[in-house]
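Residue-level structure breakdown
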Amino acid sequence: MAAGRVEAHAFESGADQYAQFSEGVSVIFTYPSTILPLMALGILLSLWHAEGMVKAWPVFLAGQVIGLFAAAFVGVWILNVMLAVGVLLGALAALLPKHTQTEAFVLAAFTGVVSLSLSLEGHGLFELPIFIYAGILFGTNIAVACAAGLARYAMERYTADWMRIVWRVAGSWIAAMLMLIFAFNLTAG
Amino acid sequence: MKNLSRFFGLLTMLVAFVCTSAAFAHSGEGVGDGFISGFWHPILGPDHVVAMIAVGIWGAFLGRPAIWILPVVFPLVMAFGGALGVIGVPIPAVEIGIAGSGLVLGLLILFAVSAPLWVAAVLVGIFAIFHGHAHGTEMGESYNAFGYAVGFVIGTGLLHLIGIGIGFFTESTVGRWVARGAGGVIALIGAAFLFGFA
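Worth saying up front: this structure is predicted, and the values here are computed from it rather than measured.

Now for the nonpolar core. Counting residues in each nonpolar core, the largest one holds 123 residues, and the members touching the most others are Leu44, Met177, Met179 and Leu180 of chain A. When residues no more than four places from it in sequence are discounted, the contact partners of Met179 of chain A are Val87 of chain A together with Ala79, Phe80 and Ala83 of chain B.

And the structure:
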């Protein structure tokens, strides 16, 4: 099976600043290998704490800043790292009944580093127009915030145990999808 | 009445979803095609279907927390088996394991066996690896990987939900007997596959 290998994004939106921003956002939302791990992080943060996203946001942002710098030094292998991180995030969200602050912060920081490194794979710092960076940062943060917010709302709206299980099942499904994509990617070479 | 309306609303959505999917079945290779292939792959194999549903019913017989833990754990373990199949790691006696899973799980339901949670998890986990491996090995090479993975996990998950739904009938005496009867049918189907009658 030919897995959709994510290569360095070409970023060909031209001089239009809105198009640049949109292209940056689309890098996050149109690649399952990027969006699924970010969703898993959002779910895990809300399973950890109702304010989990807000509490972990500073370290997540710090990770993204490191990722901006690290992107120039990564190759296509970063996709496999992102998929592995996604499997880990989904599996931990699914299997652990309780989460700790250390776990949440470490995972948020590391996901930030890897996500930005993957989105900007091979591109040096400020090699691209600033609005592309803005779009990528916006997409990365909004993806995690939406997943975390949706999970938090659902668990606060329905406080029964089964609602927490629903989000753990969602984490399990995301991890399962990413595990298969990871295998396809390995066989695609 | 309100609940009935909701039920029919959900049913309509489900039917629309399934019919729409069928209409897209041959629209070319891409994410949609991969999704359709992955979605139907676990659903169109009767030996897989009975085992997936049996997991849900047996989970209901075991009660909490098994009824919730099994659907959380099963997709992960099954995907692990699928990944082994995709990358070509051989597992012996996969077909026997699949057919045996229907027979064993069916008998466990028929006789309403209450196993400790860890025994149930290990048993179901082993069966999940067999099923996942078969799906991973049999997958067509022309389908989109992302679409296939998403469709496969959702298709498998829906089968579990059907099993858990049937399992909820065990809360009444009549429903319990119906569920045990379903276990008997599942065991027969598993035996038919195991001994080469199907």
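Moving on, there is more to tell.
Tallying the contact residues gives 22 residues for chain A and 23 residues for chain B. Of all elements in the fold, only helix H4 (78–95) and helix H7 (161–188) of chain A reach the threshold of two or more residues within the side of chain A that touches chain B. The biggest single contributor to the side of chain A that touches chain B is H7 of chain A, with 16 residues.

For any part of a model where pLDDT is low, the fine detail of the predicted coordinates should not be relied upon. Per-residue confidence for chain A averages 89 on the pLDDT scale, and 92% of its residues sit at or above 70. Under a pLDDT of 50 for its full length, residues 1–7 of chain A has, in the predicted model, 24 contacts with residues more than four places off or in other chains.

This next bit is on the packing of helix H3 (residues 46–62) of chain B against helix H5 (residues 94–110) of chain B. Residues and elements named next belong to chain B. At a closest axis distance of 9 Å, the pairing of H3 and H5 adopts a crossing angle of 30°. Overall, the two elements H3 and H5 adopt an arrangement that is roughly parallel. Note on packing geometry: the crossing formed by H3 with H5 is left-handed. Taking contact as the criterion, the partners of Asp47, Val50, Ala51, Ala54, Val55, Ile57, Trp58 and Phe61 in H3 are, on H5, Ile98, Ala99, Ser101, Gly102, Leu105, Gly106, Leu108 and Ile109. Residues that form the contact of H3 with H5 fall into these classes: twelve nonpolar, three polar and one charged.

A few words now on H4 of chain A. Counted at 1.5 Å a residue, the expected span for H4 of chain A with its 18 residues is 26 Å, and the 25 Å between its end C-alpha atoms agrees. Among the residues of H4 of chain A, those classed as buried are Ile78, Leu79, Met82, Leu83, Val85, Gly86, Val87, Leu89, Gly90, Ala91, Ala93 and Ala94 of chain A.

Residue and element names in this part refer to chain B. One can describe the packing of helix H4 (residues 66–87) onto helix H7 (residues 145–167) by two numbers: an axis separation of 11 Å at closest approach and a directional angle of 155°. Our classification of the angle between H4 and H7 gives roughly antiparallel. The two elements H4 and H7 cross, and the hand of that crossing is right-handed. Of the residues in H7, those touching H4 at Ile67, Pro71, Phe74, Pro75, Met78 and Ala79 are Val153, Thr156, Gly157, His160, Ile164 and Gly167. For the contact of H4 with H7, a count of residues per class yields eight nonpolar, four polar and no charged.

Basis of the calculations
Residues numbered from 1 in each chain as written. Chains lettered and ligands numbered in written order. Predicted model: local features only at pLDDT ≥ 70, side-chain atom pairs only at ≥ 80, totals over all residues. Core = buried A, V, L, I, M, F, W, Y, C linked by C-beta atoms within 7 Å. Buried ≥ 20, exposed ≤ 12 C-beta atoms within 10 Å, placed from the backbone. Contact = placed C-beta atoms within 7 Å. Helix = DSSP H or I, 4+ residues; strand = E, 2+ residues; numbered from the N terminus. pLDDT = per-residue confidence, 0-100. Axes fitted to C-alpha atoms, helices over the stretch in contact; angles between N-to-C directions. Parallel < 35°, antiparallel > 145°, perpendicular 65-115°, else oblique. Left-handed = near helix turned anticlockwise from the far one by under 90°. Nonpolar A, V, L, I, M, F, W, Y, C, P; charged D, E, K, R; others polar. Expected span 1.5 Å × (residues − 1).

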